[in-house]
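# Tertiary structure, described
If you want the building blocks of each chain, they are given just below.
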Amino acid sequence: LDISLPRLNGLQAAPLIKKVAPRAQLLFVTFHDNPFFVREAFSAGALGFITKTDVTSEIAAAVHAVHMKRKFVSKHLAHVLVEKPVAPPQRPRGIV
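One structure accompanies this document, and this report is about it. Predicted, not measured: the structure shown is a model, and the values here were computed from it. (Residues numbered from 1 in each chain as written. Predicted model: local features only at pLDDT ≥ 70, side-chain atom pairs only at ≥ 80, totals over all residues. Heavy atoms only, no water.)

What follows is about the overall build of the chain. For the chain, the count of helices and strands is 4 helices and 3 strands. Each helix and strand of the chain, placed in order from N terminus to C terminus, yields the pattern α-β-α-β-α-β-α. Buried residues in the chain amount to 41% of all 96 residues. Within the chain, contacts between residues at least 6 apart in sequence are counted, and of these 53% link residues at least 24 apart. Put simply, the chain shows about 6000 Å² of open surface, and 59% of that area lies on carbon and sulfur atoms. (Helix = DSSP H or I, 4+ residues; strand = E, 2+ residues; numbered from the N terminus. Buried < 20%, exposed > 50% of the residue type's maximum accessible area, 1.4 Å probe, protein only. Contact = heavy atoms within 4.5 Å. Areas by Shrake-Rupley, 256 points an atom, 1.4 Å probe, with all protein chains shown as cover.)

The next subject is the sheet that holds strand β2 (residues 46-51). The strand order across the open sheet built from 3 strands is β1-β2-β3, with neighbouring strands paired in parallel fashion. For this open sheet the edge positions go to β1 (26-30) and β3 (72-73), each flanked by a neighbour on one side alone. Sheet analysis places β1 next to β2, joined by 5 bridges and oriented parallel. Within β2, the residue paired with Leu-26 across the bridge is Ala-46. (Pairing = 2+ DSSP bridges.)

Each turn of an α-helix holds 3.6 residues, which means side chains three or four residues apart point in the same direction. Of all the residues in helix α2 (residues 35-43), the buried ones are Pro-35, Phe-36, Phe-37, Val-38, Ala-41 and Phe-42. Of the residues that open α2, the one with a side-chain oxygen 2.7 Å from the backbone nitrogen of Phe-36 is Asn-34. Immediately downstream of α2, the backbone of Gly-45 shows phi near 115°, a positive value. (Polar contact = N/O pair within 3.5 Å; in protein donor to acceptor, adjacent residues only side chain to side chain.)

Moving on, we come to the nonpolar core. Judged by nonpolar contacts, the single largest core of 17 residues is most densely connected at Phe-28, Val-38 and Phe-49. If you list the elements that add at least two residues to this core, you get α1 (10-20), β1, α2, β2 and α4 (75-83). In terms of residue count, the dominant contributor to this core is α2 (5 residues). Not counting residues within four places of it along the chain, the set of residues in contact with Val-38 comprises Phe-49, Val-73, Leu-77 and Leu-81. (Core = buried A, V, L, I, M, F, W, Y, C linked by side-chain atoms within 4.5 Å.)

Before going further, it helps to examine the pattern of salt bridges. Scanning the entire structure with this criterion turns up 1 salt bridge. Residues Lys-52 and Asp-2 are paired through a salt bridge, measuring 3.0 Å at the closest nitrogen-oxygen approach. Within this pair, whereas Lys-52 is found in the loop between β2 and α3 (55-67), its partner Asp-2 is found in the segment before α1, the two being separated by 50 residues in sequence. The partly exposed category is assigned to Lys-52, whose relative accessible area is 44%. (Salt bridge = Lys/Arg side-chain N within 4 Å of Asp/Glu carboxyl O.)

And the structure:
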């Protein structure tokens, strides 16, 4: 799932997907690397979150973790999530 999708962004789509398919295991793959979006994605039902810049090196591990029902987040975001409070960013166009 991506955060920037037309009509319905990934953060809006995730809970809807979980509602109709509760066993769905959601992985966000997006260029958004703000920790706020990571937390929002997990709150919306995601198990994984990687950035498109990390796809080549982390997609296999992310898919495996999510398949095993374990949480996964891009390495370069992990330390930020535990070290700093996260404030909402200015929303990119198309994200309500």
